[in-house]
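Each chain, letter by letter, is given below.
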Amino acid sequence: MNAMEHSATPSWAMLAYLIAGVLFILALRGLSSPSSSRAGNRYGMIGMTIAVLTTLVTHFPLALNPFGQSPAAIEHGLEVVPDFGAFGLILLAIALGGGIGWVTARKIAMTDMPQLVAAFHSLVGLAAVLVGWAAYLNPEAFGIVEVVNDVATALARTGPEGTVLPTHIHPQSLIEMALGIAIGAITFSGSVIAFLKLAGKMSGAPIMLPARHAINIVLLLAIAFFIFGFFMSQSMVDIALITVLSFVIGFLLIIPIGGADMPVVVSMLNSYSGWAAAAMGFTLHNTAMIITGALVGSSGAILSYIMCKAMNRSFVSVIAGGFGAAAETGGGAAKEQRPWKRGSAEDAAFLLKEAENVIIIPGYGMAVAQAQHVLREMADTLKKEGVNVKYAIHPVAGRMPGHMNVLLAEANVPYDEVFELEDINGEFAQADVAFIIGANDVVNPAAKTDKSSPIYGMPVFDVDKAKTVMFIKRSMSGVGYSGVDNDVFYMDQTMMLLADAKKMVEEIVKSLQH
Amino acid sequence: MDFISILSIFVMACFVGYYVVWSVTPALHTPLMAVTNAISSVIVVGALIAAAASGIGTGAGVSKWLGLGAVVLASINIFGGFAVTARMLAMYKKKERQTPAASAKREERA
């Protein structure tokens, strides 16, 4: 095990990294309730500060003494001095990145949170690729050089005519490094595509390549093959191919996935960014990185699982992609004209004022219309009238886990008025009004009854049990993301409010205040 | 540290992660993603080592600049991730308790 020994990391530093790791655990632990969450976030910041300071102290840049070496130094090892120029450059890099990050975080609109998170994931992925390459090019700095103790191995590694071959990286580190680079590259290109789709800079519709599954499998096998080759040869060609192919596969994995499956994709990429950090932690033997990688990796995996369960879809089928496109062909044929009722803002206001219990169901459409603030105003007005208002949130509402909760919190909706699907679904029978704004599939009863429906089995809100259903929708022509018609439109107690969500709610507020 | 101790830490941390993340309330899933984003930038440790390393030859020179690049990327994430999490968490408020005076006033009006 001597060869693996890290000479450079003193035990106090190892302890510091462990403390940082524990603080990161506490940061996530704090999120179990909003009241403890702010303290948790501070633990995370402290942990990161400890990790960065420890690294800066133990790895302060050094340079050969610019004033030359004294004769004594030449005899006893070269004299080194702190390299303040290099240190300044590092501080500059931190300041530059920190500044960009800080300003972005201040300016970003809450509705744009999904694409911001995707962009951040891509940065972690790219950073992992860069660090992996840096470790490959300068293995001495990372302490991953294999120390050869026996003569036979040393001779075997000596080239013809006694030339010394390049530094040998420890074989185990080669694998960890290659995995870190591969996962990092997949995270990067996948997140870039997710970002472009979420930001609307690229069509959210799934892009299907013919034989894409075969292509993906071949690419994965090729990556595995080159990782093995890299393990054997430590060749730069292999690691370059691993990098490029991983970029390609990340791209191919995400393009066939449609907009409404984005909660799963964003969670999955979250998980990948964690595994990339963990792989780098293995290379560096750094506890803070390993603990964090494991935390983030399992966090993303659990979120993906929750999202898939909330859609009653298997993870594999989401990743295989193409949900929207497949559904359209099935649902399109059986289109019939059925009667439905259109209501006005005044009708809605009248019924809402008379109601005792109102449950509001927000969806992605509310985020698009930026209607959360005026919605809260409506709820406040109703509360003043003595109406009991609650919000019901489906796990996959929006484009990322918890998206609706953040938007409502931004609009100053107290979090104890906001309920999860299973906690509130029993209350629809007592509700006078179910107020659906920008949601569709999550209230579609076909998920409960129609076995041929692509959303069959997905848990949905029982809005059909409410006395009145108000459905804000832009027009009757568009159906939900899944491409399935929704029986709720045609129920006797349903009132369709056809308009832009924000305008409609504004009008309702106006009529309520008269 | 040898591989087995590192692997043990990793496996244990996966279990800790599993239980800690399940205890996160669904309402905070977006801040959870933002904060995991920020902490996964602990990869900055590797970036700093590369950026601070001295070495001879092109490999070491390129490695240094790759490290500096990774420091910039990770710093964007660290500062951005924690700041945006803090911003989101500051918005989560409980229902304001009615003070007795206010509720009395409301009754009067009714």
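Residues numbered from 1 in each chain as written. Chains lettered and ligands numbered in written order. Predicted model: local features only at pLDDT ≥ 70, side-chain atom pairs only at ≥ 80, totals over all residues. Heavy atoms only, no water.

K.L.:
Would you explain the overall build of chain B in this entry?
P.N.:
Within chain B one finds five helices and zero strands. The 110 residues of chain B split such that 53% are buried. Approximately 4900 Å² of chain B is accessible, and the part contributed by carbon and sulfur atoms is 66%. (Helix = DSSP H or I, 4+ residues; strand = E, 2+ residues; numbered from the N terminus. Buried < 20%, exposed > 50% of the residue type's maximum accessible area, 1.4 Å probe, protein only. Areas by Shrake-Rupley, 256 points an atom, 1.4 Å probe, with all protein chains shown as cover.)

K.L.:
What should I look at first to understand the side chain of Thr-54 of chain A in this one?
P.N.:
Residue and element names in this part refer to chain A. You can see Thr-54 is positioned in helix 2 (residues 34-58). At 2.6 Å, the side chain of Thr-54 and the backbone oxygen of Ile-50 are in polar contact. Contact partners of Thr-54, with chain neighbours within four places excluded, come to Trp-12, Ala-13, Ala-16 and Tyr-17. (Polar contact = N/O pair within 3.5 Å; in protein donor to acceptor, adjacent residues only side chain to side chain. Contact = heavy atoms within 4.5 Å.)

K.L.:
I tried to follow the sheet that holds strand 3 (residues 357-362) of chain A on my own but got confused; where do I start?
P.N.:
Backbone hydrogen bonds hold the strands of a sheet together, and the pairing may be parallel or antiparallel. All names here are of chain A. Judged by pairing direction, the sheet is parallel, and its six strands sit side by side in the order 5-4-3-6-7-8 without closing on themselves. Each of the sheet's edge strands pairs with one partner strand only, and the pair in question is strand 5 (418-420) and strand 8 (494-498). Shown here is a sheet whose adjacent strand axes are inclined to one another by a mean of 25 degrees, direction ignored. With five bridges joining them, strand 7 (residues 468-473) and strand 8 adopt parallel strand pairing. Bridged to Phe-471 within strand 8 is Met-496. (Pairing = 2+ DSSP bridges. Axes fitted to C-alpha atoms, helices over the stretch in contact; angles between N-to-C directions.)

K.L.:
How should the environment of Ile-90 of chain A be read in this particular structure?
P.N.:
Considering the arrangement of structural elements, one finds Ile-90 of chain A in helix 4 (residues 84-107). Assessed through its relative accessible area of 0%, Ile-90 of chain A is described here as buried. Counting along the chain gives 329 residues from Ile-90 of chain A to Phe-419 of chain A, while the straight-line C-alpha distance between them is 46 Å. Once residues lying within four places of it in the same chain are set aside, the contact partners of Ile-90 of chain A are Leu-56 and Pro-61 of chain A together with Leu-48, Ala-51, Ala-52, Leu-68 and Val-71 of chain B.

K.L.:
Explain the packing of helix 15 (residues 345-354) of chain A against helix 21 (residues 501-513) of chain A to me, please; I cannot follow it from the model alone.
P.N.:
The relative placement of two packed helices is expressed as an angle between their axes plus a distance between the axes. All names here are of chain A. Viewed as axis vectors pointing N to C, helix 15 and helix 21 meet at an angle of 60 degrees, and their least axial separation amounts to 8 Å. Between helix 15 and helix 21, the angle falls in the class oblique. Helix-helix and strand crossings are classified by hand; for helix 15 and helix 21 the assignment is right-handed. The segment helix 15 lies against helix 21, with Ala-345, Glu-346, Ala-348, Ala-349, Leu-352 and Lys-353 engaging Met-504, Glu-507, Ile-508, Ser-511 and Leu-512. Counted by class, the contact of helix 15 with helix 21 contains seven nonpolar, one polar and three charged residues. (Parallel < 35°, antiparallel > 145°, perpendicular 65-115°, else oblique. Left-handed = near helix turned anticlockwise from the far one by under 90°. Nonpolar A, V, L, I, M, F, W, Y, C, P; charged D, E, K, R; others polar.)

K.L.:
I tried to follow the packing of aromatic side chains on my own but got confused; where do I start?
P.N.:
Given two aromatic rings, one states the distance between the centres and the angle between the planes to describe the pair. Going through the model one piece at a time under the given rule, you end up with 15 aromatic pairs over all chains. Measuring from centroid to centroid gives 6.4 Å for Tyr-18 of chain B and Trp-22 of chain B, while their planes differ by 70 degrees, and the two rings are edge-to-face. Within this pair, Tyr-18 of chain B and its partner Trp-22 of chain B are both found in helix 1 (residues 3-22), separated by four residues, close to a single helical turn. The structure contains a cluster of three or more aromatic residues connected by ring pairs, namely Trp-275 and Phe-282 of chain A together with Phe-3 and Phe-10 of chain B. (Phe/Tyr/Trp six-rings, centres within 6.5 Å; stacked < 30°, edge-to-face > 60°.)

K.L.:
Sorry if this is basic, but what is going on with a nonpolar patch on the surface here?
P.N.:
A contiguous nonpolar patch, built from Tyr-305 of chain A together with Ile-4, Leu-7, Val-11, Phe-15, Tyr-18, Tyr-19 and Trp-22 of chain B and spanning about 830 Å² of accessible area, is present on the exposed surface. If you tally residues by element for the nonpolar patch, the top one is helix 1 of chain B, at seven residues. Tracing the sequence through the fold places Tyr-19 of chain B in helix 1. (Patch = residues over 30% accessible without salt bridge, like charges linked within 9 Å, V, L, I, M, F, W, Y side chains within 5 Å. Salt bridge = Lys/Arg side-chain N within 4 Å of Asp/Glu carboxyl O.)

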